[in-house]
Amino acid sequence: MELNAPYTSLVAVGDSFTEGMSDILPDGSYRGWADLLAERLAARAPGFRYANLAVRGKLIGQIVDEQADAAAALRPDVVTLVGGLNDALRPKCDMGMVRGRLEEAVERLAPACRRLVLMRSPGRNGPVMERFRPRMEELFTFIEDLAGRHGALVVDLYGAPALGDPRMWDVDRLHLTADGHLRVAEAVWQTLGLDPEIDWQALLPAAGPVRWAARRGSDVQFAREHLVPWIGRRLTGRSSGDGRFGAQFSAESGEAFWITPVDAGNPGPVTGWRRADGVR
């Protein structure tokens, strides 16, 4: 792989992890590792273009059916694909189906881009992680196999102890904090052969003891605000992504579109984005 290669376009495909939850901005929108990565790539390449098609709650079949072809049609330099974990974390999951749909996505995307990036996603240390670890590791082993057969890169976040630290996770225990997203962006950046800027695997300082009352209070807040609504959606067949589309996907045209830095002709820090086709 070419080191410090110029990348002029990026498309991000996936679920809430790639959409950017829970890296929330003051205006209530999400940023996340893919947006951070795009800003850094744009600072190196005049005319850089970006599209984030990820939508929270999406299963691998929905990612393939709703995002893969739209991403491939843009013919980007880099595509990041992260999916399948929402399936694996459900009480019942057909892992054979997950592997088949994930391979279908790779087969569509790999020929359409210069560099396809897959991931072994991080997991928060705790009882949920232990319960679903066999499925996760089955998924990640298959991702390594897919990458080998299709010439894709793999970012190993699962193997980084720092990203398993509960302090890297939001109160919903499903999504990374802003610091976690920053580290993921750096991990992808380095996997693309670009010069390191931070040590994304650096461990957090040792944590002090957590009082029983604080721990129980956190558990109650998590159950009330996140676990009960999640169970309710599962029982009624709803998803947090129902009715949502990727940030750079037009429901009207059924196509993805590019955004580019406001000052696209000059490399440097990104101060804002605009649609590349001029549509507001």
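Described below are features of the structure shown in this document. (Residues numbered from 1 in each chain as written. Predicted model: local features only at pLDDT ≥ 70, side-chain atom pairs only at ≥ 80, totals over all residues. Heavy atoms only, no water.)

## Observations regarding the pattern of salt bridges
Two side chains carrying opposite charge are able to pair once their charged atoms lie near each other.
Alright, step 1. Tallied over the full model, the rule gives 20 salt bridges.
Alright, step 2. The residue aspartate 69 makes a salt bridge to arginine 108 at a minimum N-O spacing of 3.2 Å. Of the two residues, aspartate 69 sits in helix α3 (residues 60-73) while arginine 108 sits in helix α5 (residues 95-109), which places them 39 residues apart along the sequence.
Alright, step 3. When its relative accessible area of 46% is taken as the criterion, aspartate 69 is described as partly exposed.
Alright, step 4. In this structure arginine 108 comes out as partly exposed when scored by relative accessible area, which is 26%.
Alright, step 5. One salt bridge connects glutamate 144 with arginine 120, and the closest N-O pair in it is separated by 3.9 Å. One end of the pair, glutamate 144, is in helix α6 (residues 127-150); the other, arginine 120, is in strand β4 (residues 115-120), with 24 residues separating them in the sequence.
Alright, step 6. Among the residues examined, glutamate 144 registers a relative accessible area of 39% and is labelled partly exposed. (Salt bridge = Lys/Arg side-chain N within 4 Å of Asp/Glu carboxyl O. Helix = DSSP H or I, 4+ residues; strand = E, 2+ residues; numbered from the N terminus. Buried < 20%, exposed > 50% of the residue type's maximum accessible area, 1.4 Å probe, protein only.)

## What to know about the environment of methionine 119
Alright, step 1. For methionine 119, the location among the structural elements is in strand β4.
Alright, step 2. Placed 21 residues apart in sequence, methionine 119 and phenylalanine 140 show a C-alpha to C-alpha distance of 7.9 Å.
Alright, step 3. Discounting chain neighbours no more than four positions away, the residues touching methionine 119 are Phe17, Trp33, Leu81, Val82, Phe140, Ile143, Val155, Leu157, Val184 and Val188. (Contact = heavy atoms within 4.5 Å.)

## Let's talk about the packing of aromatic side chains
Alright, step 1. On inspection of all chains with the given rule, the structure shows four aromatic pairs.
Alright, step 2. Aromatic pair phenylalanine 245 and phenylalanine 249: ring centres 6.0 Å apart, planes at 15°, arrangement stacked.
Alright, step 3. Over the aromatic face of tryptophan 189 sits the side chain of arginine 40, whose NZ or CZ is 4.1 Å from the ring centroid.
Alright, step 4. Sitting above the plane of the phenylalanine 257 ring, arginine 275 keeps its charged end 3.7 Å from the centroid. (Phe/Tyr/Trp six-rings, centres within 6.5 Å; stacked < 30°, edge-to-face > 60°. Lys NZ or Arg CZ within 6 Å of the ring centre and 35° of its normal.)

## Considerations on the nonpolar core
Alright, step 1. Counting residues in hydrophobic clusters, the biggest one holds 39 residues, and the most contacted among them are Val11, Leu53, Leu81, Leu102, Leu116, Leu118 and Leu139.
Alright, step 2. Taken together, the elements giving at least two residues each to this core come down to β1 (9-14), α3, β3 (78-82), α4 (85-88), α5, β4 and α6.
Alright, step 3. The greatest single-element share of this core, amounting to eight residues, is contributed by α6.
Alright, step 4. Apart from residues no more than four positions distant in its own chain, leucine 118 is found in contact with Leu81, Val106, Ile143, Leu146, Ala147, Ala152, Leu153, Val154 and Val155.
Alright, step 5. In terms of nonpolar packing, the next biggest core, distinct from the first, is built from 37 residues, Ala5, Ala34, Phe48 and Val188 among them. (Core = buried A, V, L, I, M, F, W, Y, C linked by side-chain atoms within 4.5 Å.)

## A look at the packing of helix α2 (residues 32-42) against helix α8 (residues 178-191)
Alright, step 1. Running from amino to carboxyl end, α2 crosses α8 at an angle of 50°, the nearest separation of the two axes being 8 Å. In terms of their interaxial angle, α2 and α8 are classed as oblique. The crossing of α2 and α8 is right-handed. Across from Gly32, Trp33, Leu36, Leu37, Arg40 and Leu41 in α2, the residues of α8 making contact are His181, Leu182, Val184, Ala185, Glu186, Val188 and Trp189.
Alright, step 2. Looking at the contact of α2 with α8 residue by residue, the class counts come to nine nonpolar, two polar and two charged. (Axes fitted to C-alpha atoms, helices over the stretch in contact; angles between N-to-C directions. Parallel < 35°, antiparallel > 145°, perpendicular 65-115°, else oblique. Left-handed = near helix turned anticlockwise from the far one by under 90°. Nonpolar A, V, L, I, M, F, W, Y, C, P; charged D, E, K, R; others polar.)

## Digging into unusual backbone geometry
Alright, step 1. Backbone torsion omega between methionine 21 and serine 22 reads 5°, so that peptide bond is classified as cis.
Alright, step 2. Tracing the sequence through the fold places serine 22 in the loop between α1 (16-19) and α2.
Alright, step 3. Not every positive phi belongs to a glycine, and arginine 75 is a case in point at roughly 50°.
Alright, step 4. With respect to the helices and strands, the residue arginine 75 is situated in the loop between α3 and β3.
Alright, step 5. Its relative accessible area of 55% is what places arginine 75 among the exposed residues.

On their own, these measurements won't tell you what the molecule is for.
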